[in-house]
Amino acid sequence: MEGRWGQITEPLERKRTGTPSPLNISTKLQRIATLAQTIPGPINNLAHHIDVEWLKEAHRRTRKDAAVGVDGQTAEEYAIDLEARLQDLLHRAKSGTYQAPPVRRVEIPKAGKPNETRPIGIPTFEDKILQRAVAMVLESVYEQDFSNCSWGFRPGRSAHGAIGDLREHARRMGRSWVLELDFRRFFDSLDRARLGEILRQRVRDGVLLRLIGKWLKAGVLEEGRLLHPQTGTPQGGVISPLLANIYLHEVLDTWFERQVRPRLSGCAHLVRYADDAVFVLAQEVDARKVFDALPRRVESYGLRLHPEKTRLIEFGPPAPGAGSSDPGHRPRSFDFLGFTHFWARSRRGYWVIQRRTAKDRLSRAVRAANEWCRRHRHLPVKQQHVILSRKLRGHFSYYGITGNSQALACFHQQVRRLWRKWLDRRSQYPSMPWERFARLLERYPLPPPRPVHSVLLRAANP
């Protein structure tokens, strides 16, 4: 993502600095993947793949601009005498003397809920490197096991792939039933003992299991207090998304494929992105069976469903001949991964599934833009333009899908309005009327709202 020039010069840079060749690391990763394909059961002796070169690659993949952990050490400080630091880290990890430091916990506002917060754990930079190294090994193993319905935090997969997969299966079914699933504080409720059992079904390497156990029990430092929760994994850790995928692969994916789907009378599909999941079922009787069985399944693994956000809805175009007074006249919608999914008429008059930015996500983005413009209104206009353009492109790169042009244009218009508003308040006297702001936009134009991810909207079968 950094540009093609970096890709051209990277091999020479690696040779001069002693950074491991991606080819050597990819060969090791492929060997682990082949071993996992060959051995369906527990695998021993995985930690021997982790050496100094492996840690160097893990260091390269670790973000250097992220927040610091409890030790306050930055990536730049850790890079001083990197070779010796990694040698020492490798020795401590494999000898069992490595002590996982507690994570620094901070609270961030929830999406669309400014009064509610979500805890995020920030490991130390050295801990991130070691977690990344272990995650690289485990990922090569579990990528051979994970189901196609899982899309979150996996190589080559994304949220756009998940919503595209969801739309395609719902389109094929036409009128269907959608079961929205929402866990209550999933990362805080994960049962560590059950996670250990699940891991040992596939991995029997003592070094890796010991390190994972230390990370789970390291504790969190919040407002100067060291806490040791008995359940959960710190949300924000490098290895936490992979552990969540491993856990939910057992809780949902395998259960649905092996136990639920064979007992259903009609078509059914599961789409999961980390702890966000949606079931799409063709028959109402099947949907109600899954809806009744789901709470018992997740509770057996220490998880709980949100009673208000977990719901079952009928999803499809209006029945032929339904009038405006008919309850089925207006199609129902649901939210998934920041998009509202709904049925609507295409330009040719066919019923198709469309997506738009969810209202809470749009409101949150507008509030964030307003706060940024307010806080940074005294920066030079040129600098404001550069950062605002970057933020707009980031918004469009995620929400810029076919059929969402209206929401993109709305956000673009709101950002323009907020930028002018706070430029106008840089002094006690109004200084940025719309005419002057229009001339400023000619010199510093903001990126236009346009779809980045184009998809073909196909009509459902009549």
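Residues numbered from 1 in each chain as written. Predicted model: local features only at pLDDT ≥ 70, side-chain atom pairs only at ≥ 80, totals over all residues. Heavy atoms only, no water.

A word on the sheet that holds strand β8 (residues 311-315)
The strand order across the open sheet built from four strands is β6-β7-β3-β8, with neighbouring strands paired in antiparallel fashion. The strands lining the two open edges of the sheet, one partner per strand, are β6 (268-273) and β8. Averaged over all pairs of adjacent strands, the angle between strand axes in this sheet comes to 20°, irrespective of strand direction. Running over the sheet, helix α12 (residues 284-299) touches β3 (176-182), β7 (276-281) and β8 and is turned about 15° from β3. (Pairing = 2+ DSSP bridges. Helix = DSSP H or I, 4+ residues; strand = E, 2+ residues; numbered from the N terminus. Axes fitted to C-alpha atoms, helices over the stretch in contact; angles between N-to-C directions. Contact = heavy atoms within 4.5 Å.)

Observations regarding the pattern of salt bridges
This structure, assessed with the given rule, holds 23 salt bridges. The closest approach of N and O atoms between Glu-57 and Arg-61, which form a salt bridge, is 3.0 Å. One end of the pair, Glu-57, and the other, Arg-61, are both in helix α3 (residues 52-61), four residues apart, so they sit about a helical turn from each other. We classify Glu-57 as buried; its relative accessible area is 1%. For Arg-61, a relative accessible area of 36% gives the class partly exposed. Linking Arg-171 and Glu-168 is a salt bridge whose minimum nitrogen-to-oxygen distance equals 2.8 Å. Of this pair, Arg-171 and Glu-168 are both found in helix α7 (residues 159-173), three residues apart, which corresponds to roughly one turn of the helix. Residue Glu-168 is classed as buried on the basis of its relative accessible area of 12%. A single network of salt bridges, built from pairs that share partners, joins Arg-167, Glu-168, Arg-171 and Arg-172. (Salt bridge = Lys/Arg side-chain N within 4 Å of Asp/Glu carboxyl O. Buried < 20%, exposed > 50% of the residue type's maximum accessible area, 1.4 Å probe, protein only.)

Some points on the packing of aromatic side chains
Evaluation of the coordinates by the stated rule reveals 14 aromatic pairs. On the numbers, 6.1 Å between centres and 90° between planes, the contact of Tyr-247 with Tyr-301 is edge-to-face. Taken together, the residues span a long stretch of sequence, with Tyr-247 in helix α11 (residues 240-260) and Tyr-301 in the loop between α12 and β8 at a distance of 54 residues. With relative accessibility at 6%, the residue Tyr-301 sits in the buried group. A centroid spacing of 5.7 Å and a plane angle of 80° characterise the contact between Trp-434 and Phe-437, whose relative ring orientation is edge-to-face. Here Trp-434 pairs with Phe-437, and both are found in helix α16 (residues 434-443), just three residues apart, close to one helical turn. Just above the ring of Trp-151 sits the side chain of Arg-157; from NZ or CZ to the centre is 4.1 Å. (Phe/Tyr/Trp six-rings, centres within 6.5 Å; stacked < 30°, edge-to-face > 60°. Lys NZ or Arg CZ within 6 Å of the ring centre and 35° of its normal.)

Quick notes on unusual backbone geometry
Positive phi, normally seen in glycine, also occurs at Asn-45, with a value near 55°. Tracing the backbone through its elements, the reader meets Asn-45 in the loop between α2 (22-38) and α3. For Asp-81, which is not glycine, the phi dihedral falls at a positive 55°. By secondary structure assignment, the location of Asp-81 is in the loop between α4 (75-78) and α5 (82-95). In this structure Asp-81 comes out as exposed when scored by relative accessible area, which is 51%.

Some points on the side chain of Thr-340
Position of Thr-340 relative to the elements: it lies in strand β10 (residues 339-345). Of the residues examined, Thr-340 reaches a relative accessible area of 7% and is grouped as buried. At 2.6 Å, the side chain of Thr-340 forms a polar contact with the side chain of Asp-335. Thr-340 has contacts with Ser-333, Phe-334, Asp-335, Gln-354, Arg-355, Arg-356, Thr-357 and Ala-358, leaving out every residue within four places of it along the chain. (Polar contact = N/O pair within 3.5 Å; in protein donor to acceptor, adjacent residues only side chain to side chain.)

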